[in-house]
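Listed below, chain by chain, are the residues.
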Amino acid sequence: MDDEQERLLPIANVGRIMKQILPPTAKISKEAKQTMQECATEFISFVTAEASDKCHKENRKTVNGDDICWALSTLGFDNYAEAIVRYLYKYREAERLKANQNKGNGTPDNHEEESNYRSGGPHGRQTELPIPLEFRDMERGDNSQARPS
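Conventions used here
- Residues numbered from 1 in each chain as written.
- Predicted model: local features only at pLDDT ≥ 70, side-chain atom pairs only at ≥ 80, totals over all residues.
- Heavy atoms only, no water.
- Core = buried A, V, L, I, M, F, W, Y, C linked by side-chain atoms within 4.5 Å.
- Buried < 20%, exposed > 50% of the residue type's maximum accessible area, 1.4 Å probe, protein only.
- Helix = DSSP H or I, 4+ residues; strand = E, 2+ residues; numbered from the N terminus.
- Contact = heavy atoms within 4.5 Å.
- Salt bridge = Lys/Arg side-chain N within 4 Å of Asp/Glu carboxyl O.

*Asks:* Honestly, the nonpolar core in this entry has me stumped. Any pointers?
*Replies:* The nonpolar side chains of a soluble globular protein tend to be buried with one another. Val 47, Ala 51, Trp 70, Ala 71, Leu 72 and Ala 81 form the largest nonpolar core, which has six residues in total. When residues of this core are assigned to their parent elements, the largest contribution, three residues, is made by helix H4 (residues 65–74). In this structure, Ala 71 is in contact with Val 47, Glu 50 and Ala 51, ignoring residues within four places of it in sequence.

The structure is reproduced here in structure tokens:
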């Protein structure tokens, strides 16, 4: 496998994601999958590079979810950033619940730290775009309608 293929997302995963939004009878060409594979990989690299630059400037070595949210907003992908902030919040809450259940407690610890994206980061710095965490359904295009069985 050459270097180009190693840096790309797995094409089977890309195809599976593409199939989820299309009607069940739709076919996807190999060329379409490869094009989407390249675009998705480039997008991820673009956002990750921005987040990595931020971490480098802050003398940190680890890029976290909050850095990705910041990068998406900085690059003008506010809708994606808002959705990922909500997902990250839900994910962290689920992890807290799981950790507390493992301790035998069963209730979340209300004193746990919020997402660094909102609270100003691990070093108390205020982020540029505090995004309120609100839970609402994301509107999708006409392709989101229920498929006939």
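On we go.
*Asks:* Any chance you could explain the pattern of salt bridges here in plain terms?
*Replies:* Side-chain pairs of opposite charge can arise where the charged atoms are in close proximity. One pass over the structure, following the stated rule, counts seven salt bridges. Here Arg 60 ties to Glu 58 by a salt bridge, and the two come within 3.0 Å at their closest N and O atoms. On the basis of relative accessible area, Arg 60 is assigned to the buried category, the value being 16%. Among the salt bridges present, the one from Asp 66 reaches Arg 92, with a minimum N-O distance of 3.2 Å. You can see Asp 66 sitting in helix H4 and its partner Arg 92 sitting in helix H5 (residues 78–103), a full 26 residues away along the chain. On the basis of relative accessibility, which here comes to 5%, the residue Asp 66 falls in the buried class. Looking at Arg 92, the relative accessible area reads 23%, which means it is partly exposed. Each of Lys 54, Glu 58, Arg 60 and Asp 67 takes part in salt bridges that share partners, so that together they form one network.

*Asks:* I would appreciate a short explanation of the environment of Leu 88 in the present structure.
*Replies:* Locating Leu 88 in the fold gives a position in helix H5. For Leu 88, a relative accessible area of 12% translates into the label buried. Distance in space between the C-alpha atoms of Leu 88 and Cys 69 is 9.2 Å, their sequence separation being 19 residues. In this structure, Leu 88 is in contact with Gly 65, Asp 66 and Cys 69, ignoring residues within four places of it in sequence.

*Asks:* Teacher, can you tell me more about unusual backbone geometry here?
*Replies:* When glycine is set aside, most residues are seen to have a negative phi, and most peptide bonds are trans. Of note, Asn 59 is a non-glycine position whose phi angle comes to about 55 degrees, a positive value. As for its position among the elements, Asn 59 is in the loop between helix H3 (30–57) and H4. Residue Asn 59 is classed as exposed on the basis of its relative accessible area, which comes to 74%.

Remember that the coordinates give geometry; whether it matters functionally is a separate question.
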